[in-house]
Amino acid sequence: MIKKENYNIPGVKGRGMLMDITYDDAIKNAPLVIFVHGFKGFKDWGTHNMVADYFARSGFRYLKFNFSHNGTTADKPIDFADLIAFSENTFSMELEELNDVIDFVCNGSSMPRVTGVYLIGHSMGGGISILQTAGDSRVKKLVSMASLASFANLWTKEAEEQWKLSGIMYMLNTRTGQDMPLKVSILNDWMNNPAKLDILEKATHIKQPWLIVHGDDDPTVPLAHAKQLKKANKQAELIIIKGGDHTFGALHPYAKDSLPKDLLEFCDRSIEFFKK
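Residues numbered from 1 in each chain as written. Predicted model: local features only at pLDDT ≥ 70, side-chain atom pairs only at ≥ 80, totals over all residues. Heavy atoms only, no water.

S.K.: What am I meant to see in empty space enclosed by the protein here?
M.R.: One simple way to see leftover space: roll a probe sized like a water molecule over the atoms. Taken as a whole and assessed by the stated rule, the structure comprises 1 cavity of 30 Å³ or more. The computed volume of the largest cavity comes to approximately 40 Å³. Lining the largest cavity are H37, G38, F39, K40, G41, N70, F86, N89, E94 and M124. Partitioned by chemical class, the residues of the lining of the largest cavity number 3 nonpolar, 5 polar and 2 charged. (1 Å grid on protein atoms, 1.4 Å probe; cavity = no way out; pocket = protein on both sides within 12 Å on 5 of 7 lines; lining within 4 Å. Points joined across faces, edges and corners; volume = space filled by probe spheres on them. Nonpolar A, V, L, I, M, F, W, Y, C, P; charged D, E, K, R; others polar.)

Below, the structure written as structure tokens:
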């Protein structure tokens, strides 16, 4: 039977991180996949629960979580109800929290303990996952999903000077209509930690099996990013999904009862990769 367990563990600055794990209780010691959401993402977005169920039926435990400063709250987990928290997020904070999540499952908790995990990181979460994998032997395999090759892809170079002067920049969320604030602290984090946050440089240090999956019709993170990642790590495998967009056909909200074709291909390719 497919089951789901929910958790709320502390993140940076004491803010909670909602987490859930979907699994088939008939499969003991199933390998654990951790999904890392992207910018303006959250664990219950669109098809994420359907994907978790699909992986569980394929023999995995599937963990997804909300970064503490992604803008959602425990009371409103699918709404950007805390834009102050969103504005204070940084890459270093997310990297620290991903490490905390891996600690949670590897160092003992109420779930079955594991000694290693598989990572799937989407978009900005892909970048965070690449950084984590490069320095963490507990990560046994990595799938980057429409990942960016540089965090600077999130904003334009022209915006930086005004951002520094005003201390804040707003990005329109076209889905919700909200102006999402970003304090200059996230820019400063990126500029002050060039070695720690250099995705392409860290990519060269990844020794674990790595699958790069990208759509060739991605308007948010162009396919060139995937090719840069592949160039940085010759051992990584690159799969290009023809006609695939940034979410491989998924939307939020998602009303259909089956996964989009491109997302289903992503799931099947990832499952095959993890089972090798």
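Back to the text.
S.K.: What exactly am I supposed to notice about the confidence of the model for the protein here?
M.R.: Segments scoring low in pLDDT should not have their predicted coordinates read at a detailed level. On average, residues of the protein score 96 in pLDDT, and 99% of them reach the 70 mark or higher. Across the protein, element-level confidence peaks in strand β9 (residues 210-215) with a mean pLDDT of 99 and bottoms out in helix α5 (residues 159-166) with 94. (pLDDT = per-residue confidence, 0-100. Helix = DSSP H or I, 4+ residues; strand = E, 2+ residues; numbered from the N terminus.)

S.K.: I'm lost on unusual backbone geometry in this one. Help?
M.R.: Keep in mind that most residues, glycine aside, have a negative phi and that most peptide bonds are trans. For the bond from H252 to P253, the omega torsion is -5 degrees, close enough to zero to count as cis. Positionally, P253 belongs in the loop between β10 (237-241) and α9 (261-275). In this structure, N29 is a non-glycine residue whose phi angle is positive, near 55 degrees. Although it is not a glycine, F248 sits at a positive phi angle of roughly 55 degrees. Note on placement: F248 falls in the loop between β10 and α9. Looking at F248, the relative accessible area reads 0%, which means it is buried. (Buried < 20%, exposed > 50% of the residue type's maximum accessible area, 1.4 Å probe, protein only.)

S.K.: Which parts of the structure should I look at to understand helix α6 (residues 185-192)?
M.R.: Residues separated by three or four positions in an α-helix point in the same direction, a consequence of the helix having 3.6 residues per turn. Turning to α6, its buried residues number three or more, namely I186, L187 and D189. Viewed end-on, α6 has its buried residues packed into an arc of 155 degrees, placing them on one side of the element. In this structure, the buried residues of α6 make contact with α3 (91-106), α5 and β8 (179-183). (Arc of directions from axis to C-beta. Contact = heavy atoms within 4.5 Å.)

S.K.: Sorry if this is basic, but what is going on with the layout of surface pockets here?
M.R.: Empty space within the largest pocket amounts to approximately 830 Å³. Looking at the lining of the largest pocket, the elements with two or more residues in it are α1 (48-57), β4 (61-65), β5 (117-122), β7 (168-172) and α9. Along the lines of polarity and charge, the residues of the lining of the largest pocket split into 18 nonpolar, 14 polar and 4 charged. Quantified by volume, the second largest pocket comes out at close to 180 Å³. Lining the second largest pocket, in full, are E5, I21, Y23, D24, D25, I27, K28, N29, A30, R61, M111 and P112. Examining the composition of the lining of the second largest pocket, we find that 3 residues originate from one element, strand β2 (residues 16-24), more than from any other.

S.K.: What should I look at first to understand the environment of L142 in this one?
M.R.: Relative to the elements of secondary structure, L142 occurs in strand β6 (residues 139-145). C-alpha of L142 to C-alpha of I120: the two residues are 22 residues apart in sequence and 6.1 Å apart in space. With residues near it in sequence (within four places) discarded, L142 still touches L119, S129, I130, T133, I206, P209, W210, L211 and F273.

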